[in-house]
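Below are the chains, spelled out letter by letter.
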Amino acid sequence: MSGTKIRSYDIVEQSDVIEFKKTGKYKIKNYLGGGSFGEVYQVQKMEENNPENSKIFALKIFKKYQAQKYPNSENDRPNEILNLEIKELSTLNMVKRINNPYLMKYVDWKIHGKTKEIMVLMEYLDFELSTFFYQNLGRNEVINETFFKNIAFQMLSALNALHKNGIIHCDLKPQNILYKPKDNIIQIIDYGLSQRISFDINKDYKATGGTYPYMAPDLLLGNTLFFKSLDIWSLGCVLVELCTGKVIFPGNHYKEVHEKIVDIFGPIKE
């Protein structure tokens, strides 16, 4: 978190107050982070009657693309990027209907009339899970077993709920798991790479994506068929990291990560 400095696109430069038709006005407080998709901010609901106790939310603003670079695109945006955003919103709509407390749900969304930026308002949790572990549990040589089991159960419950509803997350990593110490609860976030599937557990689906240190070896080797079990591999990597404080298969390139996997498990058969 970088304080109250506002850094983003036209919508944020014009005003630090965002209004949604259904849920009202929100004041931007802090920049939380960003990437290729856009940026995320901490916002506070503007309650006139009780401003001090107004609830905190997260606001995700998808990156704006200049119209002059893509003259033939709809809504002044490259079609492929717009399609990805629509796909994520569709997945968020599915997740919102899933009765599981360990999945992040969106609260509201809008498209800004002038800038065409897609903005999604979501629940807010205090920490990335790995950050909390490193800051608060790192000095202990052995993690509390009861606490670890509880966190692991919540992750498995969330993945099970997604899979039962035909969704593979496809990018499970510590940065996509948030934690709220007050309630001792985690929530899985970011469905940008998620794949929608049928309920046929034996069916496979062509897709690409993920983050190298948490990708299953068959994906690293070029397979583009996604199975539900790939989320379980990623979850295993996350759990080991939480226990040890280290990424089990570090690397910035698929070859590096593949070598680390071979070092532990031996050569991978075709």
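Refer to the structure presented above.
Rules of the game
- Residues numbered from 1 in each chain as written.
- Predicted model: local features only at pLDDT ≥ 70, side-chain atom pairs only at ≥ 80, totals over all residues.
- Heavy atoms only, no water.
- Helix = DSSP H or I, 4+ residues; strand = E, 2+ residues; numbered from the N terminus.
- Buried < 20%, exposed > 50% of the residue type's maximum accessible area, 1.4 Å probe, protein only.
- Areas by Shrake-Rupley, 256 points an atom, 1.4 Å probe, with all protein chains shown as cover.
- Pairing = 2+ DSSP bridges.
- Contact = heavy atoms within 4.5 Å.
- Phe/Tyr/Trp six-rings, centres within 6.5 Å; stacked < 30°, edge-to-face > 60°.
- Lys NZ or Arg CZ within 6 Å of the ring centre and 35° of its normal.
- Expected span 1.5 Å × (residues − 1).
- Salt bridge = Lys/Arg side-chain N within 4 Å of Asp/Glu carboxyl O.
- Core = buried A, V, L, I, M, F, W, Y, C linked by side-chain atoms within 4.5 Å.

Engineer: I'd like a description of the overall build of the protein chain, backed by residues and values.
Structural biologist: Helices and strands together make up the secondary structure of the protein chain, namely seven helices and 13 strands. For the protein chain, with 270 residues in total, the buried portion stands at 44%. Total accessible area computed for the protein chain in this model is approximately 15,000 Å², and 51% of it derives from carbon and sulfur atoms.

Engineer: So what's going on with the sheet that holds strand β7 (residues 127-128)? Residues and values would help.
Structural biologist: A sheet is described by the order of its strands in space; here three strands give the open sequence β7-β9-β10, paired in antiparallel fashion. At either end of the open sheet lies a strand with only one pairing partner, and these are β7 and β10 (185-188). Two elements, strand β9 (residues 177-180) and β10, share four bridges in a ladder whose sense is antiparallel. If you follow tyrosine 179 over to β10, its bridge partner there is isoleucine 186.

Engineer: Please provide a residue-by-residue account of the environment of tyrosine 254, values included.
Structural biologist: Along the polypeptide, tyrosine 254 turns up in helix α7 (residues 254-265). Of the residues examined, tyrosine 254 reaches a relative accessible area of 33% and is grouped as partly exposed. For the pair tyrosine 254 and glycine 222, spaced 32 residues apart in sequence, the C-alpha to C-alpha distance is 9.5 Å. Discounting chain neighbours no more than four positions away, the residues touching tyrosine 254 are Tyr212 and Leu220.

Engineer: Tell me what's going on with the packing of aromatic side chains, and back it up with residues and numbers.
Structural biologist: Under the criterion given, the structure shown has seven aromatic pairs. Taking the centre distance of 6.1 Å and the plane angle of 50° together, the rings of tryptophan 233 and phenylalanine 265 count as tilted. Residue tryptophan 233 is located in helix α6 (residues 229-244), and its partner phenylalanine 265 is located in helix α7; the two are separated by 32 residues in the primary sequence. Plain terms: the ring middles of phenylalanine 249 and phenylalanine 265 are 6.3 Å apart, the flat faces sit at 50° to each other, and that makes the pair tilted. Of this pair, phenylalanine 249 sits in the loop between α6 and α7 while phenylalanine 265 sits in helix α7, and the two are 16 residues apart along the sequence. An aromatic cluster is built from Phe20, Tyr26 and Phe57, whose rings are joined through pairwise contacts. Sitting over the ring of tyrosine 106, lysine 96 keeps its end group 4.8 Å from the ring centre. The ring of phenylalanine 20 is capped by lysine 110, whose NZ or CZ atom sits 5.8 Å from the centre of that ring.

Engineer: Got a sec to walk through the environment of isoleucine 268? Specific residues and values, please.
Structural biologist: For isoleucine 268, the position within the fold is in the segment after α7. Residue classification places isoleucine 268 among the partly exposed positions, given a relative accessible area of 36%. Residues isoleucine 268 and histidine 258, spaced 10 residues apart in sequence, show a C-alpha to C-alpha distance of 9.3 Å. Leaving out residues up to four positions away in the same chain, isoleucine 268 has contacts with Pro217, Leu221, His258, Ile261 and Val262.

Engineer: I'd like to hear about α6, residue by residue, with values.
Structural biologist: Taking 1.5 Å per residue as the helical rise, α6 with its 16 residues ought to reach 22 Å, and the 23 Å between its terminal C-alpha atoms agrees with that figure. Every buried residue of α6 is accounted for by Leu230, Asp231, Ser234, Leu235, Cys237, Val238, Leu239, Glu241 and Leu242. The first or second residue beyond α6 is glycine 245, which carries a positive phi of 80°.

Engineer: Now, about the pattern of salt bridges: what can you tell me, with residues and values included?
Structural biologist: Tallying each qualifying case throughout the model produces five salt bridges. Here aspartate 183 and lysine 180 are joined by a salt bridge, their closest N and O atoms 3.4 Å apart. Aspartate 183 gets classed as partly exposed once you look at its relative accessible area, which sits at 45%. For lysine 180, a relative accessible area of 26% gives the class partly exposed.

Engineer: I'd love a proper account of the nonpolar core, names of residues and values included.
Structural biologist: Within the largest apolar cluster, 55 residues are counted, with the highest numbers of intra-cluster contacts made by Leu103, Leu129, Met155 and Ile186. The dominant element in this core, judged by the number of residues it contributes, is helix α4 (residues 145-164), at nine residues. The contacts of methionine 155, once residues within four sequence positions are left out, are Leu129, Ile177, Ile186, Ile188, Leu235, Val238, Leu239 and Leu242. By size, the runner-up hydrophobic cluster in this structure holds 12 residues, among which are Ile18, Phe20, Phe57 and Ile61.

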